[in-house]
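# Notes for the structure review
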Amino acid sequence: VSAIRIDVSSERGPYPVVVGANALAGLRDLLAERGLGTGSVYVSSAPVWRHLSRRLDRGLPAARTPLLIPDGERAKTLATTARIYDGLMKRRCDRSAVVVAVGGGVVGDIAGFAAATFLRGLRVVQVPTTVLAQVDSAIGGKVGVNLPAGKNLVGAFHPPSLVVCDPTVLASLARREFRAGLYEVVKYGMIASRPLFDRVASHLDQIFDREVPLLTDVIADCCRIKADVVGRDEREGGLRRILNFGHTIGHALEAVSDYRRFRHGEAVAYGMLAAARLSVDRGSLTADDEQCLADVIRRLGPLPPVSDLRIREALDVVALDKKVVAGRLNFVLAAGIGQTRTVSDVTPRELSGAMRAIGMKS
Ligand SMILES: NC(=O)c1ccc[n+]([C@@H]2O[C@H](COP(=O)([O-])OP(=O)(O)OC[C@H]3O[C@@H](n4cnc5c(N)ncnc54)[C@H](O)[C@@H]3O)[C@@H](O)[C@H]2O)c1
Ligand SMILES: [Zn+2]
């Protein structure tokens, strides 16, 4: 099976994203081709490793002694990073070592951050194993950990040397986790590609069945969009902001529910619905296109409720958001399906109107 290769340009030089069914089986060759084959240290979490190690270890001796970190967002801390440093020390890693992160966005972010900082920087290879990580977090070089005060408050830009996305690994993903990643796929359609949006909308059953050829194409489309955006704006000077479509209100929902109620993508789904409403109110999106988005989101499955979440509290979170620069909130509107327009004059009143429209509590 031939793999799709997407090159991402980066200030440290370009790196490839390889998307292909069973790309994992070719990991050894992919690493060797790029001079990344020796001195590698695999970082993963126990549940991911349980599912994937058998597919990895043939011919990859380092994969027999992975560095396993605790699973889940709660482990995305400096303490876990320190455990990775210890593991790297025990393995006597020098600056030629290569960290291979195998897991979802959490593993990718922490392992990437450890790699960015250990000995002032080891190379990192991202092997994302969730939909979210394959279409989003593994590409672009943002790595980091949470502090008790908030998410992703400590981090770095550390572009990977290689990203390997194998859609067949998604077979073992829990259903909710799988669906949560699909909302980000819908986001890519909304911000950059009507054809991608339509394809997802018209093939939802096959996507739910995780049909590999379709997933491969859809994931590659998303990777192309992310690669294009970060290739032109690696450090988020402007363009990269379009990736935040649906994320202003999405993040606020995650925060007011203490990060317990929603998977990230689910909160983004609500955020996109709210942003779409605001876009309709501003005349940049038609009611028909808003309906198309609402239909896809509804068909993607049930979302946790928002009717008990207070608009006022969510507005307070928005005001503290990293996307507020010098008191101005940059807000990404939909300008049709497949296009965006960023504005910086959205008022609290408009935001609360949009939040009311998705059913939040006044
Ligand atoms: N760096 C970035 O640009 C960026 C962008 C978006 C999100 N993120 C970060 O990504 C994180 C969320 O990532 P996530 O949604 O992948 O969550 P996650 O990494 O916690 O993975 C979700 C769950 O899926 C399990 N899992 C992973 N792969 C599996 C597989 N193939 N089979 C079975 N189970 C599997 C994991 O064990 C975990 O319990 C957040 O911390 C977020 O901040 C980073
Ligand atoms: Zn997101």
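Residues numbered from 1 in each chain as written. Chains lettered and ligands numbered in written order. Predicted model: local features only at pLDDT ≥ 70, side-chain atom pairs only at ≥ 80, totals over all residues. Heavy atoms only, no water.

### Regarding the overall build of the protein chain
Helix and strand counts for the protein chain stand at 14 helices and 13 strands. Rg of the C-alpha trace for the protein chain: 20 Å, near the compact-globule value of 21 Å for 362 residues, within the 12% margin. Seen through its C-alpha atoms, the protein chain measures out along the principal axes to roughly 55 × 40 × 35 Å. When the 362 residues of the protein chain are sorted by exposure, 55% land in the buried category. Contacts spanning at least 24 positions in sequence make up 74% of the contacts within the protein chain whose residues lie at least 6 apart. When the accessible surface of the protein chain is totalled, it reaches about 15,700 Å², and 50% of it is carbon and sulfur. Computed over 49 positive and 38 negative side-chain charges, the separation of the two mean positions in the protein chain equals 5 Å. (Helix = DSSP H or I, 4+ residues; strand = E, 2+ residues; numbered from the N terminus. Rg over C-alpha atoms; globule rule 2.2 N^0.38 Å. Buried < 20%, exposed > 50% of the residue type's maximum accessible area, 1.4 Å probe, protein only. Contact = heavy atoms within 4.5 Å. Areas by Shrake-Rupley, 256 points an atom, 1.4 Å probe, with all protein chains shown as cover. Lys, Arg positive; Asp, Glu negative; His and termini not counted. Charge placed at Lys NZ, Arg CZ, Asp CG, Glu CD.)

### Side note on the site of ligand 1
Near ligand 1, the surroundings consist of 24 residues, among which Asp71, Glu73, Thr129, Thr130 and Ser172 are the closest. Backbone polar atom of Gly105 to an oxygen atom of ligand 1: 2.8 Å apart, as the coordinates give it. When ligand 1 is considered free in solution it has 870 Å² of accessible area, and contact with the protein chains removes 87% of it. A breakdown of the residues in the shell around ligand 1 according to their chemical character gives six nonpolar, eight polar and 10 charged. (Near = heavy atom within 4 Å. Polar contact = N/O pair within 3.5 Å; in protein donor to acceptor, adjacent residues only side chain to side chain. Nonpolar A, V, L, I, M, F, W, Y, C, P; charged D, E, K, R; others polar.)

### So, the coordination of the zinc ion (ligand 2)
For a metal with four tetrahedral donors the ideal donor-metal-donor angle is 109.5 degrees, while six octahedral donors give ideal angles of 90 or 180 degrees. Around the zinc ion (ligand 2), the protein contributes the donor atoms Glu184 (OE), His247 (NE2) and His264 (NE2), which lie 2.0 to 2.1 Å from the metal centre. Mapped onto the sequence, the donors of the zinc ion (ligand 2) take the spacing E-x62-H-x16-H. Here Glu184 is found in helix H6 (residues 175–192), whereas its partner His247 is found in helix H10 (residues 247–256), with 63 residues between them in sequence. In this structure, Glu184 and His247 share a single accessibility class: buried. (Donors = N, O, S within 2.8 Å, 3.2 Å for Na, K, Ca; no water.)

### Section: the pairing of strand E9 (residues 162–165)
Of the two faces of E9, the one holding Leu162 and Val164 and the one holding Val163 and Cys165 are both buried throughout. Where strand E2 (residues 15–19) and E9 come together, three bridges link them in parallel fashion. Bridge pairing in E9 places Val19 opposite Cys165. In terms of strand pairing, strand E6 (residues 123–128) meets E9 through two bridges, oriented parallel. Across the sheet, the residue bridging to Gln126 is Val163, located in E9. (Pairing = 2+ DSSP bridges.)

### Considerations on the packing of aromatic side chains
Given two aromatic rings, one states the distance between the centres and the angle between the planes to describe the pair. Under the criterion given, the structure shown has three aromatic pairs. Between Tyr42 and Trp49, the ring centres sit 6.3 Å apart and the planes meet at 55°, which makes this aromatic pair tilted. Assessed through its relative accessible area of 0%, Tyr42 is described here as buried. Assessed through its relative accessible area of 9%, Trp49 is described here as buried. Here the aromatic rings of Phe262 and Tyr270 are separated by 6.0 Å at their centres, their planes lie at 80°, and the arrangement is edge-to-face. Each member of the pair, Phe262 as well as Tyr270, carries the same accessibility label: buried. For Arg210, the ring lying beneath its charged end belongs to Phe178, and the centroid distance is 4.2 Å. (Phe/Tyr/Trp six-rings, centres within 6.5 Å; stacked < 30°, edge-to-face > 60°. Lys NZ or Arg CZ within 6 Å of the ring centre and 35° of its normal.)

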